[in-house]
Amino acid sequence: MPLRKRLAWVSAAAAAVAVVVAALVCYLVVRSQLLGQVDSALRAQYAAVQQEGQAAFGQPLPGVPASAGGTTQYYQLVAADGSTGGNLSLPVTSHVNGVIASGAGAYFSDVEVGGSRFRELTFAATVRVDGFPEQGAVQLARPLDGIESILRNLRLVLLLVCAGGIALAAALGRLAARPVLSPLAEVAATAQHIEETEDLSSRIRVHADDEVGLLARRFNAMIERLQISRDALDESVRAQ
């Protein structure tokens, strides 16, 4: 592969990696922010239930202001005997039973109900069943369909941005490689000219004080020494 193409590929690859990393960081930050808002709303509802002291079957949970995320759309109360009550049937796992048995603790989880995903906060609480308090758990849930829709669109946008960024990086890499390699092409052309004509008076123009410029100066110095040596040899031959 020619050097120009290799330099273009290296530049494009470096730019592509930078674009992909930036897109990935952007996606993770947005995802974290969206899920953080859901978790904050669940925590606000959790604090409201804890402040109330008890949650009764058949009665709505205490609300929270809209500034705190609003009342959780879905919830389920789970009593120690396994009975449940609420506006959504959420899975009662071993973790939920463990919270009920210990009477303490809270944890977040992602659950799927009816093909939809929910963010769930489960915590121990005293629940009232038929007017009698008993140890149980409260499951608060918020749907993630809206967030997943936003993240799907974001993934599509970032994918297009990455594709465009890689294509632009490849084009810029070609443009950037051209001025870098033009002095090297001049070195090759001068060397070919000397080889074909044996004209040691040819010199390479030094375009910049960089590695390529250093190569050009050393090439000129080498050619000058060769020219001096050949002139001396020619003079010696004429003298003989």
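Look a little higher up for the structure.
To keep things clear, this report deals only with the structure shown in the data block.

Rules used in this analysis
- Each chain carries its own residue numbering, running from 1 in the direction its sequence is written.
- The predicted origin of the model limits local features to residues at a pLDDT of at least 70 and limits the giving and counting of side-chain atom pairs to 80 or more, whereas totals for whole chains, interfaces and linings rest on all residues.
- As a convention, hydrogens and water are excluded, and side-chain values are obtained from all of the structure's heavy atoms.
- Aromatic pairing here means that ring centres of Phe, Tyr or Trp (its six-membered ring) are within 6.5 Å. Orientation follows from the plane angle: under 30 degrees is stacked, over 60 is edge-to-face, and everything else is tilted.
- Each helix is a run of H or I in the DSSP string that is no shorter than four residues. Each strand is a run of E no shorter than two, and both are numbered from the N terminus.
- Burial classes: relative accessible area under 20% of the type maximum marks a residue as buried, over 50% as exposed, and values in between as partly exposed (1.4 Å probe, protein chains only).
- The term salt bridge refers to a side-chain nitrogen of Lys or Arg lying within 4 Å of a carboxyl oxygen of Asp or Glu.

Scanning the model with the defined rule gives 2 aromatic pairs in all. Between the aromatic rings of Tyr46 and Phe123, the centroid separation amounts to 4.4 Å while the plane-to-plane angle is 65°, which identifies the pairing as edge-to-face. Note that Tyr46 is positioned in helix α1 (residues 3–52) and Phe123 in strand β5 (residues 116–129), a separation of 77 residues in sequence. Given the relative accessible area of 26%, Tyr46 is considered partly exposed. Between the aromatic rings of Tyr74 and Phe118, the centroid separation amounts to 5.5 Å while the plane-to-plane angle is 85°, which identifies the pairing as edge-to-face. Taken together, the residues Tyr74 in strand β2 (residues 74–79) and Phe118 in strand β5 connect sequence positions 44 residues apart.

A side chain of one charge can pair with a side chain of the opposite charge if their charged atoms are brought near each other. Counted under the stated rule, the structure contains 4 salt bridges. Put simply, Arg119 and Asp110 hold a salt bridge, and the shortest N to O gap is 3.0 Å. In this structure Asp110 comes out as partly exposed when scored by relative accessible area, which is 39%. Here the salt bridges share partners, and the residues they tie into one network are Asp39, Asp110, Arg117, Arg119 and Glu148.

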